[in-house]
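Chain and residue survey
In case you want the letters, here they are:
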Amino acid sequence: GTTKCDEQSDRQRWLHDPDTGALLFSPPEKCVDVAMGKATALAKGQGVDVWDCNGSPQQQWGYDGTLFLTSSSSDASLCLEHKKSKGKFTGAAWIWDCSWEAQQQWNIEDQKVQNQDSGKCLQLPHGDIANGKTFVVDTCPDDSDYHQSFRVDGGELIYQPQPKCIDIGEDA
């Protein structure tokens, strides 16, 4: 439907690609955030979700082969980990005491965050960017089907879904 234009609306971010002529929907950038729920402090075992970037401690990450929370303590003691249960990987990512174990080693390249041990990637199912949606660790899609990107910028781990095109449907 149509509505009054609102420069602040995330649902009205459209771009024109002059090379292809396509009109693209460009979702806002979001941050990888520790899902604190009602907790008042960062603690091991908390999952990660997507949230509007706001500079809060649960969004401040460092990268040295591990992704660590810079605000977890003066020595950055909490790291992003591909969760294991009974020796097998689950589909979850959480923060845990930094140990430099293989499940805490991540590659950030080609706009992907890939766990070195499992070979799987951090991603949002269906690219749903509503605040609080949980990141999972799952099979990395091939580049032609990958519609999410990550980058570290100013201490934040930025998540950016790829733009989508308007399609008017089947030819009449």
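Located above this text is the structure these notes cover.
Here's the deal with the pattern of salt bridges
- The tally for this structure, following the rule as stated, stands at 3 salt bridges.
- D97 is the salt-bridge partner of K44, the closest N and O atoms lying 3.4 Å from each other. In this pair, K44 is assigned in the loop between β3 (30–34) and β4 (48–51) and D97 in strand β8 (residues 88–97), connecting sequence segments 53 residues apart.
- Exposure remark for K44: the relative accessible area of 43% places this residue in the partly exposed category.
- A salt bridge links D117 to K84; the nearest nitrogen and oxygen atoms lie 3.6 Å apart. Of the two residues, D117 is situated in the loop between β10 (112–115) and β11 (121–123) and K84 in strand β7 (residues 78–85); the sequence distance between them amounts to 33 residues.

Examining the packing of aromatic side chains
- Tallying each qualifying case throughout the model produces 1 aromatic pair.
- Looking at K83, its charged tip hangs above the ring of W94, at a distance of 4.6 Å from the centre.
- The ring of F89 carries the charged tip of K84 above its face, separated from the ring centre by 4.8 Å.

Here we look at the pairing of β8
- Bridging between β7 and β8 involves 7 bridges; their strand directions are antiparallel. Residue pairing in the sheet places L80 in a bridge with I95 of β8.
- Between β7 and β8, which pair antiparallel and follow one another directly, the connecting turn spans 2 residues, one of which, K86, has a positive phi of 55 degrees.

Reading the values: the criteria
- Residues numbered from 1 in each chain as written.
- Predicted model: local features only at pLDDT ≥ 70, side-chain atom pairs only at ≥ 80, totals over all residues.
- Heavy atoms only, no water.
- Salt bridge = Lys/Arg side-chain N within 4 Å of Asp/Glu carboxyl O.
- Helix = DSSP H or I, 4+ residues; strand = E, 2+ residues; numbered from the N terminus.
- Buried < 20%, exposed > 50% of the residue type's maximum accessible area, 1.4 Å probe, protein only.
- Phe/Tyr/Trp six-rings, centres within 6.5 Å; stacked < 30°, edge-to-face > 60°.
- Lys NZ or Arg CZ within 6 Å of the ring centre and 35° of its normal.
- Pairing = 2+ DSSP bridges.

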